[in-house]
Amino acid sequence: MATTVAVPEMTDKSPRRSSLLEWVTTVDHKRIGIMYLLAALFFLVCAGTEAALMRIQLWKARFDFLEPDTFNQLFTMHGTTMVFFVGMPILVGFGNFLVPLMIGARDMAFPRMNAFGLWMFILGGLLTYYSFLQGGAPDVGWFAYAPLTSATFSRGMSTDYWILGLMTSGLGTLSGGINFIATILTMRAPGMTFGRMPLFIWMMLVDAVLIVIAFPPLTAAQTMLLLDRQLGAHFFDPQQGGSAVLWQHLFWFFGHPEVYILILPAFGMISEIIPVFARKVIFGYESVAAATVLIAFIACGVWAHHMFALGLSRTIDIFFSGSTFLIAIPTGIKMFNWIATLYGGKIRFQTPMIFCLGFLAMFLIGGLSGVMLAAVPFDWQASDTYFVVAHFHYVLFGGTLFGIFGGFYYWFPKMSGRLMNETLGKWNFWLLMIGFNLTFFPMHISGLMGMPRRIYTYDPELGVDIWNQLSTIGVLVQAAAFIVFAVNLIGSLRSGERSGDDPWDAWTLEWLTTSPPPAYNFEVIPAVRSRRPLWDLKHPEDPDWEHE
Amino acid sequence: MTGQRPKGLIPVQAKRHGRGILLLAFGLLFFASSVFAAGETNIVQTVSPPADSIKFLFYLLLAVVGAIFLIVEGALIYCMVRFRKREGDESEPPQIYGSKPVEIAWTVAPALIVFVLFLVVLRSIVQIRKVDVPEDALRVVVTGHQWWWEFHYPELGVTTANELHVPIGDDENERAVFLDLQSVDVIHSFWVPQLSGKMDVVPGRTNLLWFATKQPGLYRGQCAEYCGTQHANMLLRVVAESPEEFERWAAQQAKPAVDDPKVAAGRQLFMSLACMNCHTIKGTPANGTFAPDLTHLMSRQTLASGMVENNPKNLRDWVDNPQSIKPGCLMPSFQLSSKQLDDLVAYLETLH
Ligand SMILES: [Cu+2]
Ligand SMILES: [Cu+2]
C-alpha cells in the first residue's frame with residue numbers, strides 16, 4: 001500500500017538560511033537542479049538580449065544599427081546559447097529536481113557526478129562567452145558549417161572558444177544523461193514498475209538515452225574540427241581532400257536528436273500537468289509512452305532532412321523525407337492524447353495549465369510547418385529562410401518554452417514552499433502568447449517572400465519590411481512578459497502565499513513530501529501500486545490500480 | 001462520482017462547426033494570397049517548371065495542414081470551453097483511461113495522410129531533380145565566391161558576374177538552363193524563388209540545378225546559406241530575355257575589352273596597381289580570377305553583387321573605398337588620389 005508514509009508536517013518556519021558555500025559544494029539533486037535553472041535564466045537573459053539587438057537591426061531594409069560581423073556573432077551566440085546553455089540546462093535542471101522526487105528516491109544515482117555536470121555546463125557557458133573579451137564571439141552560426149570554420153575562413157580564436165565551450169558543457173550534459181538513466185533504472189520506489197512510472201520519468205529516460213546517443217558524435221566532430229584548426233588536419237577541408245559534407249552528417253546526427261532532447265522533457269511536463277488540472281488521468285498512458293520511444297527511435301534516422309538542399313542523391317532525399325513524415329505520426333498521437341485528456345474533464349485554468357494549453361495550440365503550428373518542410377521540394381524553397389526560423393521557434397519557444405513556463409509555475413511551490421502570483425502569471429502568459437505570435441508568425445511569410453535567414457540586412461526590393469517590423473514589435477511585448485515573470489518570481493519568493501505540500505491536489509510522489517522537501521526527500525520510501533499513488537491515497541474507494 | 005468510468009465516450013457535436021471551419025479556411029487562403037500578391041520575389045509568383053511544381057505542392061500542403069490545424073485547434077477550444085470547471089463543483093470527473101479503437105483511429109488517419117503526401121513528394125522530387133541534361137539546354141558554370149557570383153558559359157566563352165543572362169524559350173517550349181554549381185571557398189546556396197528551389201553550392205562537389213522560363217523579365221534571388229560577413233549582400237539577378245537579345249548579349253560579352261586610347265592613363269593605373277591580380281579584363285594582362293571579371297563591367301546594372309546601382313558615382317565610391325559600401329568585402333581600399341580615381345573610373349567606364 002502506498003499509504004504508510006509518515007509525512008512530516010510543513011513547519012511554517014522558513015528553512016534556515018544556507019550559506020553560499022553550502023550551495024556551491026552541494027551534491028543534493030534539488031539544489032543542483034535549482035542552480036541549473038538559475039544559471040539557465042542568466043543565459044536566457046543573454047540570449048534574449050542578443051535576439052532583441054538583432055530584431056532592432058532588422059527593423060527596416062538596409063538599417064544601419066549593427067555592423068555585419070556583430071550581427072553574425074549575435075545570431076551565432078543566440079542559437080548556441082539557447083540550445084546549449086538555456087534549453088538543455090533548464091530541462092536537465094527540472095530533471096534533476098524532479099526525477100528522484102517523482103520516483104521516490106533520496107537522490108540521483110551519482111550525486112557527485114551530478115554536481116560535476118552542473119559545473120561543467122557553467123564552465124562551458126562562461127568559456128564560450130569569454131570569447132567576447134578575446135576579440136569577438138564566434139560568428140559561424142550555431143551549426144558551424146565547414147569549411148567556414150576552417151582556419152582559413154575563421155581567423156582568430158572565436159571558433160576555438162565555441163568548440164571548447166561546447167565540448168566542456170557537452171561533457172556535463174553527457175554525464176547528466178548517464179546519471180538519469182542509472183537513476184531511473186535502479187532507484188525507483190518499490191512497486192514502481194516501468195508501466196507505473198510517471199510520464200515525465202518516461203520522457204526523461206528516453207531523453208537521457210538520446211543524449212547518450214547524440215552527444216558523442218558532436219564531440220567527435222568538434223575534436224576533428226579542432227585538429228583541423230590547430231594541428232593542420234584536413235577532415236573538413238575540401239581543398240585537401242577533406243569533406244564539407246561530412247561535418248553536416250556528423251553535426252545533424254547530433255542536431256536532430258537534439259531537437260527532441262529539447263522537446264521531450266516539455267512533453268513530459270505537460271503530460272503531468274494537463275491531467276492534474278483537467279482532473280483526469282492521462283488518456284492512453286501506454287500509447288503516450290510508446291510514442292515517446294518511437295519518436296526517439298525515428299529521431300535518430302531523420303538527420304539529413306536538414307540537408308535536402310545540399311544536393312545529396314534523390315534516393316537519400318526520398319528516404320529522409322519518408323522518415324521525417326513518419327515522425328509526425330507518434331507526435332500526432334501525443335497531441336490527440338493530451339486533448340482527449342481534456343475531454344470530459346473539469347479544467348481549472350490556473351497559470352500552469354494555461355501555459356500547457358498554450359503549448360498545445362502553438363506546438364501544433366510548429367509540428368504542421370514541420371510536416372510541410374518534410375516535403376523535400378517545398379523544403380528546397382523554404383530551407384534556410386525565415387520560414388524555418390518560424391518553424392523551429394514554434395517548436396522550441398511555442399513548445400519547449402511554454403512547457404517550461406507551465407512546469408515552472410507548477411513546481412515552483414515544491415521548490416520554494418510558496419505559490420507564484422496568479423494574476424501576474426496570467427499577465428505573463430497573455431503577453432508572452434501575443435508577443436510570441438507577433439514575432440514569429442510573420443516570419444513564415446517573410447521567409448516565403450524570399451528572405452533568407454542569417455542576413456544582417458535585406459534588400460528593400462524584397463518587400464518584407466512590414467513583416468520584420470511586426471516581428472520586432474513582438475519582441476517588445478515578449479520583453480514585457482519576461483519582466484512580469486521576473487517580478488512575479490522575485491515577489492513570490494519573498495512573500496508568496498504558502499503553498500503547503502500539495503497545492504494542486506496532484507497525484508505523483510513529489511507532492512507527498514514537504515515543500516521544499518528535506519534533504520533526504522522522503523522519511524520513508526513510499527511504496528507504489530499504480531501510476532498515480534496519491535490518487536490511490538485520496539480515493540481509497542476507487543484506486544487506480546483497479547483500472548490499469 | 002469520483003473515479004467512475006463512463007460506458008463510452010461522450011459524442012461530440014461536430015455538425016454545427018463545419019461551416020465555421022470552411023469560412024476560416026477561406027479567410028486563411030485569402031490572407032495568404034493577398035500577402036504574396038504584394039511582393040514579386042516569392043515562391044508563388046513562379047515562371048519556371050520546378051518552381052511551378054513546388055507551388056502546387058505548397059498549396060496542397062497548406063490545404064492539408066490548414067485543415068488539420070482547424071480541426072485540432074477546434075477540438076482544443078471546444079474542450080476548453082465545454083469542459084471548464086464550473087463554479088462550486090468540486091467533484092472529480094469520470095476517469096477515462098484510454099480507448100483502443102479511438103487510439104487506433106487517430107494513429108491510422110495521420111498515417112494515411114502522410115503516406116499520400118509522401119507519394120506526392122516522391123513524384124515531385126523525380127520531376128524536379130533531373131539527372132539527364134537535354135541536348136539543347138544552356139549550360140552555365142556557377143561559382144560561388146565570398147560574396148559574389150561568377151557565371152561562366154563554357155560553350156559561349158563568356159564569363160560574367162552577379163547577373164545571369166538566360167534566353168527564354170519560344171511560345172511552345174521553355175529552353176532549359178542547367179547550372180553546374182561550384183564553390184571556391186565556403187558553402188553558398190543558389191536561390192531564385194521564382195525559378196526553382198535552392199541548391200547549395202558546395203566546395204568539392206558540383207551540384208546541378210535547372211530552370212526554364214517563357215517569360216522575359218528580371219528575377220531576383222540571393223545566397224541562402226550563411227557564408228560569412230557579407231552573406232546578406234550576396235544578391236543575384238537572373239535576366240531572362242528573348243533568344244535574339246541573348247545572342248546579341250553573348251556575342252558582345254565574348255569580345256575582348258575595348259581599348260580606348262583616351263583612357264590609357266587609367267588603364268595603365270589598373271595594370272600597375274594590384275587590380276590586375278584579382279580581376280580579369282580580357283585582352284589585357286589582367287587575368288586574376290579572385291574577383292569579378294570586369295571586361296564588360298558597364299554592361300551590368302549593379303555593382304558589388306547586386307548591392308548598388310552601377311552608375312558613375314557608385315563606381316567611383318566603390319573604387320575609392322569598397323569597405324564603405326560593403327563592409328568586410330574582400331576588395332581592399334587603395335587610398336588613391338582624386339586624380340588617380342578619376343583616371344581609373346574613366347577607364348572602367350569604357351568597359352562596355
Ligand atoms: Cu531535424
Ligand atoms: Cu551566403
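Position numbers for residues start from 1 in each chain and track the written sequence from start to end. Whichever chain is written first becomes A and whichever ligand is written first becomes 1, with later ones labelled in order. Reporting of local features is limited, given that this is a predicted model, to residues whose pLDDT is at least 70; pairs of side-chain atoms are given and counted only at 80 or more, and all residues count toward the totals for whole chains, interfaces and linings. Each side-chain value is worked out from all heavy atoms of the structure, with water and hydrogens disregarded.

K.L.:
Before we move on, can you summarise the pairing of strand β10 (residues 235-241) of chain B with the specific residues and values?
P.N.:
Residues and elements named next belong to chain B. Relative accessible area decides the class of each residue, using a 1.4 Å probe on protein chains only: under 20% of the type maximum gives buried, over 50% gives exposed, and in between gives partly exposed. Secondary structure is summarised from DSSP: a helix means a run of H or I of at least four residues, a strand means a run of E of at least two, and numbering begins at the N terminus for each. Within β10, seven of the seven residues are buried, leaving the element largely enclosed by the surrounding structure. Burial along β10 is two-sided: the face carrying L235, R237, V239 and E241 and the face carrying L236, V238 and A240 are both buried. Of the pairings in the sheet, the one linking strand β4 (residues 163-167) to β10 comprises five bridges and is parallel in character. Bridging from a neighbouring strand, H165 pairs with V239 of β10. Between any two strands, pairing holds if DSSP finds at least two bridges. Relative to β10, strand β9 (residues 217-222) runs antiparallel, the two being bridged by six bridges. If you follow G217 over to β10, its bridge partner there is A240.

K.L.:
Give me the coordination of the copper ion (ligand 1): which residues, what numbers.
P.N.:
Donor atoms from the polypeptide that bind the copper ion (ligand 1) are H256(A) (ND1), H305(A) (NE2) and H306(A) (NE2), placed at 1.6 to 2.0 Å. Note that water is not among the atoms considered, so a metal site may appear incomplete; the donors listed are N, O and S atoms within 2.8 Å of the metal, with 3.2 Å applied to Na, K and Ca. For the copper ion (ligand 1), the single-chain donor residues occur in sequence as H-x48-H-H.

K.L.:
Just give me the short version of empty space enclosed by the protein, but keep the residues and values in it.
P.N.:
All names here are of chain A. In this analysis the probe radius is 1.4 Å and the grid spacing 1 Å, with only protein atoms considered; a cavity is a set of points the probe fits into but cannot get out of, a pocket is an open set with protein on both sides within 12 Å along at least five of seven lines, and lining residues have an atom within 4 Å of a point. Grid points are joined across faces, edges and corners, and a volume is the space filled by probe spheres set on the points. Counted by the stated rule, this structure contains nine cavities of 30 Å³ or more. One number sums up the size of the largest cavity: a volume of about 180 Å³. As for the largest cavity, its lining consists of 16 residues, of which S271, E272, T508, R531 and R532 are closest to the centre. Of all the elements, helix α7 (residues 244-278) adds the most residues to the lining of the largest cavity, at four residues. For this classification, the nonpolar set comprises Ala, Val, Leu, Ile, Met, Phe, Trp, Tyr, Cys and Pro, the charged set comprises Asp, Glu, Lys and Arg, and every other residue, Gly included, is treated as polar. Of the residues contributing to the lining of the largest cavity, the split by class is ten nonpolar, two polar and four charged.

K.L.:
Lay out the packing of aromatic side chains with the relevant residues and their values.
P.N.:
Residue and element names in this part refer to chain A. Geometry of aromatic contacts follows a simple scheme: Phe, Tyr and Trp rings, the Trp one being its six-membered ring, pair when their centres are within 6.5 Å, and the pair is stacked under 30 degrees between planes, edge-to-face over 60, tilted otherwise. According to the stated counting rule, one finds 72 aromatic pairs over all chains in the structure shown. Taking 5.3 Å as the distance between ring centres and 70° as the angle between the ring planes, the aromatic pair formed by W142 and F251 counts as edge-to-face. Placement of the pair is W142 in the loop between α4 (111-130) and α5 (158-186) and F251 in helix α7, with a sequence separation of 109 residues. For W142, a relative accessible area of 14% puts it in the buried group. Summarising the aromatic geometry, the rings of F405 and F482 are spaced 5.9 Å apart at their centres and angled 50° between planes, so their arrangement reads as tilted. With F405 in helix α12 (residues 386-416) and F482 in helix α14 (residues 465-495), this pair connects stretches of sequence that are 77 residues apart. Looking at F405, the relative accessible area reads 5%, which means it is buried. Exposure remark for F482: the relative accessible area of 25% places this residue in the partly exposed category.

K.L.:
Lay out the interface of chain A and chain B in plain terms, naming residues and giving numbers.
P.N.:
For this analysis, residues touch if any pair of their heavy atoms sits within 4.5 Å. Counting residues at the interface gives 98 residues for chain A, matched by 93 residues for chain B. A 1.4 Å probe defines the accessible area here, and the buried area is the portion of it lost by two parts on being joined, summed over both. Here chain A and chain B share an interface that buries about 8,300 Å² over both sides, 68% of which is from carbon and sulfur atoms. Should a side-chain nitrogen of Lys or Arg be within 4 Å of a carboxyl oxygen of Asp or Glu, the pair is scored as a salt bridge. Here chain A and chain B share four salt bridges between them. The partner of R220(B) in a salt bridge is E461(A), and the shortest N-O contact between them spans 3.4 Å. What qualifies as a polar contact is a pair of N or O atoms within 3.5 Å, subject to a donor-acceptor requirement within protein and to the restriction that residues adjacent in sequence count only when both atoms come from side chains. In this assembly, chain A and chain B are joined by 33 residue pairs in polar contact (both at pLDDT 80 or more). Residue assignment for the side of chain A that touches chain B shows that the elements contributing at least two residues are α3 (68-103), α7, α8 (285-299), α9 (314-342), α10 (351-374), α11 (376-382) and α13 (422-448) of chain A. Looking at the side of chain A that touches chain B, the element that brings in the most residues is α9(A), giving 15 residues. The residue inventory of the side of chain A that touches chain B, partitioned by class, reads 57 nonpolar, 21 polar and 20 charged.

K.L.:
Go over the environment of L330(B) with me, naming the residues and quoting the values.
P.N.:
Residues and elements named next belong to chain B. As for its placement among the helices and strands, L330 is situated in the loop between α8 (322-325) and α9 (338-348). For L330, a relative accessible area of 40% gives the class partly exposed. Between the C-alpha atoms of L330 and Q146, which are 184 residues apart in sequence, the distance is 7.6 Å. In this structure, L330 is in contact with Q146, W147 and F290, ignoring residues within four places of it in sequence.

K.L.:
Break down the coordination of the copper ion (ligand 2) for me, citing the residues and quoting the values.
P.N.:
Residue and element names in this part refer to chain B. The protein atoms that coordinate the copper ion (ligand 2) are C223 (SG), E225 (O), C227 (SG) and H231 (ND1), at distances of 2.1 to 2.5 Å. Square planar and octahedral sites, with four and six donors, are those where opposite donors lie more than 155 degrees apart and all other angles lie between 65 and 115, tetrahedral sites have four donors with every angle between 85 and 135 degrees, and the rest are irregular. Taken together, the four donor atoms surrounding the copper ion (ligand 2) define angles of 87 to 127° at the centre, an arrangement classified as tetrahedral. Within one chain, the residues donating to the copper ion (ligand 2) are spaced in sequence as C-x1-E-x1-C-x3-H. Per residue, the accessibility class of C223 equals that of C227, and both read buried.

K.L.:
Which residues make up α7(A), and what values go with them?
P.N.:
Residues and elements named next belong to chain A. Helix length check: α7 (35 residues) gives 51 Å between terminal C-alpha atoms against 51 Å at 1.5 Å per residue, within 8%. A residue's bend is the angle separating two fitted axes: one through the seven residues that end there, the other through the seven that start there. The largest bend in α7 is about 30°, located at W252. By the N-cap criterion, in which a side-chain oxygen at the helix start approaches the backbone nitrogen of a residue two or three places on, α7 is capped by S243, the distance to V245 being 3.1 Å. Taken from the residues just after α7, R279 is the one with a positive phi, measuring 60°. Expected helix span is computed as 1.5 Å times (number of residues minus one).

K.L.:
Give me the lowdown on the UniProt feature "domain: Cytochrome c" (unreviewed entry) in chain B, citing residues and values where you can.
P.N.:
If you check UniProt for "domain: Cytochrome c" (unreviewed entry), the listed places come out as residues 261-352 of chain B in our numbering. Along residues 261-352 of chain B, the helical share is 40% and the strand share 4%, with 15 Å between the first and last C-alpha atoms. UniProt positions are given in the numbering used here, feature names are shortened, and annotations may be inferred rather than shown by experiment.

K.L.:
Report on the sheet that holds strand β1 (residues 138-145) of chain B, specifying residues and quantitative values.
P.N.:
All names here are of chain B. Spatially, five strands are ordered β3-β2-β1-β5-β8 in an open sheet, and the strand pairing comes out mixed. For this open sheet the edge positions go to β3 (158-161) and β8 (207-213), each flanked by a neighbour on one side alone. Neighbour-to-neighbour, the strand axes of this sheet turn through a mean angle of 25°, independent of strand direction. As paired strands, strand β5 (residues 175-183) and β8 are joined by seven bridges and run antiparallel to one another. Bridge pairing in β8 links L181 to N207. Each axis is a line fitted through C-alpha atoms, and for a helix only the stretch in contact is used; angles between axes span 0 to 180 degrees, taken between their N-to-C directions.

K.L.:
Can you tell me about the domain arrangement of chain A, naming the residues and giving the values?
P.N.:
Residues and elements named next belong to chain A. Under the domain assignment, chain A is made up of domain 1 (26-189) and domain 2 (197-348). Residue ranges for the domains trace back to a domain assignment, done automatically or taken from a database. The distance between the C-alpha centroids of domain 1 and domain 2 comes to 18 Å. Each partner contributes residues to the interface: domain 1 has 39 residues there, and domain 2 has 36 residues. In this assembly, domain 1 packs against domain 2 so that about 3,200 Å² is buried in total across both faces, 80% of it on carbon and sulfur atoms.

K.L.:
Lay out the confidence of the model for chain B in plain terms, naming residues and giving numbers.
P.N.:
Residues and elements named next belong to chain B. Values of pLDDT, the confidence the predictor places in each residue, fall between 0 and 100. In this model, chain B carries an average pLDDT of 90, and 89% of its residues clear a pLDDT of 70 or more. Ranking the elements of chain B by mean pLDDT puts helix α1 (residues 17-38) last with 62 and strand β6 (residues 188-190) first with 98. Under a pLDDT of 50 for its full length, residues 1-16 has, in the predicted model, 27 contacts with residues more than four places off or in other chains. Overall fold confidence (pTM) sits at 0.93, and the ipTM for the predicted complex is 0.92.

K.L.:
I'd like to hear about the side chain of T295(B), residue by residue, with values.
P.N.:
Residues and elements named next belong to chain B. Its place among the elements puts T295 in the loop between α6 (275-278) and β11 (302-303). Here the side chain of T295 touches K282 through a polar contact of 3.0 Å, landing on its backbone nitrogen. There is a polar contact of 2.4 Å between the side chain of T295 and the side chain of D293. Ignoring anything within four residues of it in the chain, the contact list for T295 reads K255, P256, A257, T280, I281, K282, L351 and H352.

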